[in-house]
Amino acid sequence: MIMNHIFEGLTSVIDGDGIKALKTPCYVIDEKRLLHNAEVLSSVMSHTGCKILLAQKAFSNYDFYPLLSGYLAGTEASGLYEARLGKEEMPEGEVHVFCAAYRDDEFDELLKYADHIVFNSIHQLAKFGGLAKSHGKSIGLRINPECSTQEGHEIYDPCAPGSRLGVTRGVWDEEMTPDLLALLDGLHFHTLCEQDSDALETTLKAVEEKFGDVLPSMKWLNMGGGHHITKPDYDIATLEKLLIYAREKWGVQVYLEPGEAVALNAGYFMTRILDIVENNSIKIAILDSSAACHMPDVIEMPYMPPLLHAASDSSKQYSYRLAGPTCLSGDVIGDYSFDHELKAGDMLIFGDMAIYTTCKNNTFNGMPLPDIYKLGADGIFEKLTDFGYDDFKYRLGRS
Ligand SMILES: *Cc1c(COP(=O)(O)O)cnc(C)c1O
């Protein structure tokens, strides 16, 4: 049986009873693949002296934090709750937080969890920077190098015109004062999404052109996420060259905070077919899972997730549209083809499902949240958590 590298982790378990017994829909996190990614990232750290954090918005299944903490330097948070999760579940690591705007009523609590606090504007730096500094925090400002390196994904491009993310050099020159500059320990930029190191090279040049004069007075430079480092053909040598360049040129501690790269291809989504219907000679398999609820990036990005033993075009003999059971007409995962006919009850396995899934799903239409399993390095499936009616009900009311 030929396995795409995305599904390699299933090779030894695919015909076993453990997989057949799984109640679907469910996510399965592959411990071995996670470990592999962590090792790749850890080797970048040891070659370059940079520190790599887990961006929790992509993957926050904290049962795996003890494993990751042996390799990564800590966690990155998008706000109070993720900062707290990072502090609670990976306490030995650093906790970094970036938020487009912090709230007055949660800043004191945030100070309990975060080690690095990154502001998105000079107003926010002026408002909270002194307080954070007096609590011993390392203070950063997110800059916007105005250098778009991606096309077609404007919602994932913080450098798109009109972006709210990061301070441009123009605004910096108007608003920065010597007192505020003195508060700053570091600069932060995050402009990439699923990109290789050539895009980082282009971006770093733009950062140097726009902010090269202030970097020598900084202690650290955080290059954000979006680095697809654990993808098999990623150019790690160029990444390492750039990380060393920044460290030597400006004397900064370099940070990266990838989300995707930490858990890339380290999870699967198991679903079963409930029914097959037909419309204008298109055969449509209705699954017990939903793109809108359980893999929202399929619709948001959009993209077609890899599916085991299927082609994502019509190159195989039997074609089916795969769709969810919700009332949303567009709850469609995509049109795939197979070597054999599908029938109700068949299990389908989507790949690369650890990232932006478990932390992003929802109960639209009253859909249940999928259970989450671990596929251990020993090949054993272990249920980490399950969900039911209460999880649907209690986010809507209190009685
Ligand atoms: C989304 C995000 C990340 C992680 O991005 P990935 O694409 O998952 O690597 C890191 N830092 C910030 C500020 C982000 O917004």
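Keep in mind that what you see is a predicted model, and the values were worked out from it rather than measured.

Parameters and conventions
Residues numbered from 1 in each chain as written. Predicted model: local features only at pLDDT ≥ 70, side-chain atom pairs only at ≥ 80, totals over all residues. Heavy atoms only, no water. Core = buried A, V, L, I, M, F, W, Y, C linked by side-chain atoms within 4.5 Å. Buried < 20%, exposed > 50% of the residue type's maximum accessible area, 1.4 Å probe, protein only. Domains from an automatic or database assignment. Contact = heavy atoms within 4.5 Å. Near = heavy atom within 4 Å. Polar contact = N/O pair within 3.5 Å; in protein donor to acceptor, adjacent residues only side chain to side chain. Areas by Shrake-Rupley, 256 points an atom, 1.4 Å probe, with all protein chains shown as cover. Nonpolar A, V, L, I, M, F, W, Y, C, P; charged D, E, K, R; others polar. Buried area = accessible area lost by both parts, 1.4 Å probe. Salt bridge = Lys/Arg side-chain N within 4 Å of Asp/Glu carboxyl O. Axes fitted to C-alpha atoms, helices over the stretch in contact; angles between N-to-C directions. Helix = DSSP H or I, 4+ residues; strand = E, 2+ residues; numbered from the N terminus. Parallel < 35°, antiparallel > 145°, perpendicular 65-115°, else oblique. Left-handed = near helix turned anticlockwise from the far one by under 90°. Pairing = 2+ DSSP bridges. Phe/Tyr/Trp six-rings, centres within 6.5 Å; stacked < 30°, edge-to-face > 60°. Patch = residues over 30% accessible without salt bridge, like charges linked within 9 Å, V, L, I, M, F, W, Y side chains within 5 Å. Expected span 1.5 Å × (residues − 1). Arc of directions from axis to C-beta.

So, the nonpolar core
Turning to step 1, where the next piece is worked out: Counting 96 residues, the largest nonpolar core has Leu68, Trp172, Leu187, Leu221, Met223, Leu322 and Phe350 as the members making the most contacts within it.
Turning to step 2, where the next piece is worked out: Summarising the domain contributions, this core has at least three residues from each of domain 1 (5-29 + 266-393) and domain 2 (49-263).
Turning to step 3, where the next piece is worked out: Sequence-distant contacts of Trp172, that is, excluding residues within four places in its chain, are made with Ile122, Leu141, Ile143, Val167, Leu181, Leu184, Leu187, Phe211 and Val214.
Turning to step 4, where the next piece is worked out: Ile6, Leu10, Cys26 and Leu375 belong to the second largest nonpolar core, which has 16 residues in total.

As for the site of the ligand
Turning to step 1, where the next piece is worked out: Around the ligand, a shell composed of 14 residues is seen, among which Lys57, Gly226, Glu257, Gly259 and Tyr356 lie nearest.
Turning to step 2, where the next piece is worked out: Taking Lys57, its side chain carries an N or O atom lying 2.7 Å from an oxygen atom of the ligand.
Turning to step 3, where the next piece is worked out: Between an oxygen atom of the ligand and a main-chain N or O atom of Gly226, the distance comes to 2.8 Å.
Turning to step 4, where the next piece is worked out: Out of a free accessible area of 380 Å², the ligand has 90% covered by protein chains.
Turning to step 5, where the next piece is worked out: Residue classes in the shell around the ligand are distributed as 4 nonpolar, 5 polar and 5 charged.

Brief notes about the domain arrangement of the protein
Turning to step 1, where the next piece is worked out: Split into domains, the protein comes out as domain 1 (5-29 + 266-393) and domain 2 (49-263).
Turning to step 2, where the next piece is worked out: Between domain 1 and domain 2, the C-alpha centre-to-centre distance is 33 Å.
Turning to step 3, where the next piece is worked out: On the domain 2 side, the residues contacting the 16 residues of domain 1 number 16 residues.
Turning to step 4, where the next piece is worked out: Taking both sides of the interface into account, the surface hidden between domain 1 and domain 2 amounts to around 1,300 Å²; carbon and sulfur atoms contribute 64%.
Turning to step 5, where the next piece is worked out: For the domain 1 face of the interface with domain 2, the top three residues by lost area are Met301, Ile355 and Tyr356, together amounting to 44%.
Turning to step 6, where the next piece is worked out: Inspection of the region where domain 1 meets domain 2 yields 0 salt bridges.
Turning to step 7, where the next piece is worked out: Between the two partners, domain 1 and domain 2, sit 4 residue pairs in polar contact (both at pLDDT 80 or more).
Turning to step 8, where the next piece is worked out: Grouping the constituent residues of the side of domain 1 that touches domain 2 by class yields 9 nonpolar, 2 polar and 5 charged.

Looking at the packing of helix α9 (residues 197-211) against helix α10 (residues 236-250)
Turning to step 1, where the next piece is worked out: Relative to each other, α9 and α10 sit at 20°, their axes nearing to 9 Å. Judged by the inter-axis angle, α9 sits roughly parallel to α10. Considering the relative orientation of α9 and α10, their crossing is left-handed. Contacts from Ser197, Leu200, Glu201, Leu204 and Glu208 of α9 reach α10 at Thr238, Leu239, Lys241, Leu242, Tyr245, Lys249 and Trp250.

A few points about unusual backbone geometry
Turning to step 1, where the next piece is worked out: Here the bond from Thr24 into Pro25 is cis, since omega is 0°, no more than 30 degrees from zero.
Turning to step 2, where the next piece is worked out: Although it is not a glycine, Asn280 sits at a positive phi angle of roughly 50°.
Turning to step 3, where the next piece is worked out: Summarising the element assignment, Asn280 is placed in the loop between β10 (267-279) and β11 (282-287).
Turning to step 4, where the next piece is worked out: The exposure class assigned to Asn280 is exposed, which follows from its relative accessible area of 68%.

Remarks on the pairing of strand β9 (residues 253-256)
Turning to step 1, where the next piece is worked out: Summarising the sheet, strand β2 (residues 51-55) and β9 pair through 2 bridges and their orientation is parallel. Residue Ile52 lies in a different strand from β9, and its bridge partner there is Leu256.

Describing the packing of aromatic side chains
Turning to step 1, where the next piece is worked out: Enumeration over the complete set of coordinates arrives at 14 aromatic pairs.
Turning to step 2, where the next piece is worked out: An angle of 20° between the planes, with centres 6.2 Å apart, marks the rings of Phe107 and Phe119 as stacked. Pair noted here: Phe107 is in helix α5 (residues 104-113) and Phe119 is in strand β5 (residues 116-119), with a separation of 12 residues, a long-range link.
Turning to step 3, where the next piece is worked out: When the centroid spacing of 5.9 Å and the interplanar angle of 80° are considered together, the rings of Tyr245 and Trp250 count as edge-to-face.

Remarks on the packing of helix α2 (residues 31-48) against α10
Packed helix pairs are specified by the crossing angle of their axes together with the interaxial distance, meaning the distance between the axes.
Turning to step 1, where the next piece is worked out: In the contact formed by α2 and α10, the axes pass within 9 Å of each other and the chain directions differ by 40°. Between α2 and α10, the crossing angle belongs to the class labelled oblique. The handedness of the crossing between α2 and α10 comes out as right-handed. Facing α2, whose interface residues are Val40, Ser43, Val44, His47 and Thr48, α10 presents Ile236, Leu239, Glu240, Leu243, Ile244 and Arg247.
Turning to step 2, where the next piece is worked out: Considered class by class, the residues forming the contact of α2 with α10 number 6 nonpolar, 3 polar and 2 charged.

As for a nonpolar patch on the surface
Turning to step 1, where the next piece is worked out: A cluster of nonpolar side chains, namely Ile299, Leu328 and Phe364, defines an oily patch on the protein surface of about 240 Å² accessible area.
Turning to step 2, where the next piece is worked out: Examined against the element boundaries, Phe364 turns out to sit in the loop between β14 (347-351) and β15 (371-375).

Describing the pattern of salt bridges
Turning to step 1, where the next piece is worked out: Under the definition given, this model contains 21 salt bridges.
Turning to step 2, where the next piece is worked out: Here Glu300 ties to Lys360 by a salt bridge, and the two come within 3.1 Å at their closest N and O atoms. You can see Glu300 sitting in helix α13 (residues 297-300) and its partner Lys360 sitting in the loop between β14 and β15, a full 60 residues away along the chain.
Turning to step 3, where the next piece is worked out: Between Lys383 and Asp386 there is a salt bridge; the shortest N-O distance is 3.0 Å.
Turning to step 4, where the next piece is worked out: Residue Asp386 is classed as partly exposed on the basis of its relative accessible area, which comes to 41%.
Turning to step 5, where the next piece is worked out: Salt bridges sharing partners connect three or more residues here, namely Glu31, Lys374 and Glu382.

Focus on α9
Turning to step 1, where the next piece is worked out: Helix length check: α9, at 15 residues, gives a terminal C-alpha distance of 20 Å against a target of 21 Å (1.5 Å per residue), a fit within 8%.
Turning to step 2, where the next piece is worked out: Turning to α9, its buried residues are Ser197, Ala199, Leu200, Thr203, Leu204, Ala206, Val207 and Phe211. The arc enclosing the buried residues of α9, seen along the axis, measures out at 165°, which places them on a common side. Opposite its buried face, α9 presents the exposed residues Asp198, Lys205 and Glu209, each directed more than 90 degrees away.
Turning to step 3, where the next piece is worked out: The inward-facing, buried residues of α9 contact α7 (169-175), β7 (186-188), β8 (220-222) and α10.

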